[in-house]
Amino acid sequence: SMNTVVVGHEFFRKERNSAYANWKSGFWREMEQNSDDAGSTRVEVSLSDHGNGCIIEFSDNGCGMTEDVIRNVFM
């Protein structure tokens, strides 16, 4: 089974405002780069409408992140 990490809106707002001049293309580029860094050979993206917003889900067959990376790099 696949582990799930939920990241709050604040993280993406901060990254959008500080790290990405053009956050829309930067978002997609970062998601693809994460899959590539994990050594994946398959990436699936799904979008679902939820009224006033949408959920974007990325799934790949890469090695995933260690707990150390999630705690000390990602967050």
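Thresholds, definitions, all that
Residues numbered from 1 in each chain as written. Predicted model: local features only at pLDDT ≥ 70, side-chain atom pairs only at ≥ 80, totals over all residues. Heavy atoms only, no water. Helix = DSSP H or I, 4+ residues; strand = E, 2+ residues; numbered from the N terminus. Buried < 20%, exposed > 50% of the residue type's maximum accessible area, 1.4 Å probe, protein only. Contact = heavy atoms within 4.5 Å. Areas by Shrake-Rupley, 256 points an atom, 1.4 Å probe, with all protein chains shown as cover. Lys, Arg positive; Asp, Glu negative; His and termini not counted. Charge placed at Lys NZ, Arg CZ, Asp CG, Glu CD. Polar contact = N/O pair within 3.5 Å; in protein donor to acceptor, adjacent residues only side chain to side chain. Salt bridge = Lys/Arg side-chain N within 4 Å of Asp/Glu carboxyl O.

A.B. asks: For this particular structure, what's the right way to read the overall build of the chain?
C.D. replies: Within the chain, the secondary structure is distributed over three helices and two strands. Put simply, the chain runs from its N terminus to its C terminus through helices and strands in the order α-α-β-β-α. Projected onto its principal axes, the C-alpha coordinates of the chain cover approximately 30 × 30 × 20 Å. Relative to its 75 residues, the chain shows a buried fraction of 7%. Across the chain, every contact between residues at least 6 apart in sequence was considered, and the portion connecting residues at least 24 apart equals 33%. Surface exposure of the chain reaches about 6,400 Å², of which carbon and sulfur atoms provide 51%. A gap of 8 Å separates the mean positions of the 7 positive and 12 negative side-chain charges of the chain.

A.B. asks: Can you help me understand the side chain of Ser-40 in this one?
C.D. replies: Mapped onto the elements, Ser-40 comes out in the loop between α2 (23-37) and β1 (43-49). Of the residues examined, Ser-40 reaches a relative accessible area of 15% and is grouped as buried. At a separation of 2.8 Å, a polar atom in the side chain of Ser-40 contacts the main-chain carbonyl oxygen of Ser-35. In this structure, Ser-40 is in contact with Ser-35, Asp-60, Asn-61 and Gly-62, ignoring residues within four places of it in sequence.

A.B. asks: I'm lost on the pattern of salt bridges in this one. Help?
C.D. replies: Oppositely charged side chains can form a pair if their charged atoms are brought close together. A full pass over the atoms with the stated rule returns two salt bridges. With its nearest N and O atoms 2.5 Å apart, the salt bridge here joins Glu-44 to Arg-42. The class of Glu-44 is partly exposed, set by a relative accessible area of 43%. Measuring nitrogen to oxygen at the nearest pair gives 2.7 Å for the salt bridge that ties Arg-71 to Glu-67. Residue Arg-71 and its partner Glu-67 are both found in helix α3 (residues 67-74); the two are separated by four residues, about one turn of the helix. With a relative accessible area of 59%, Arg-71 lands in the exposed category.

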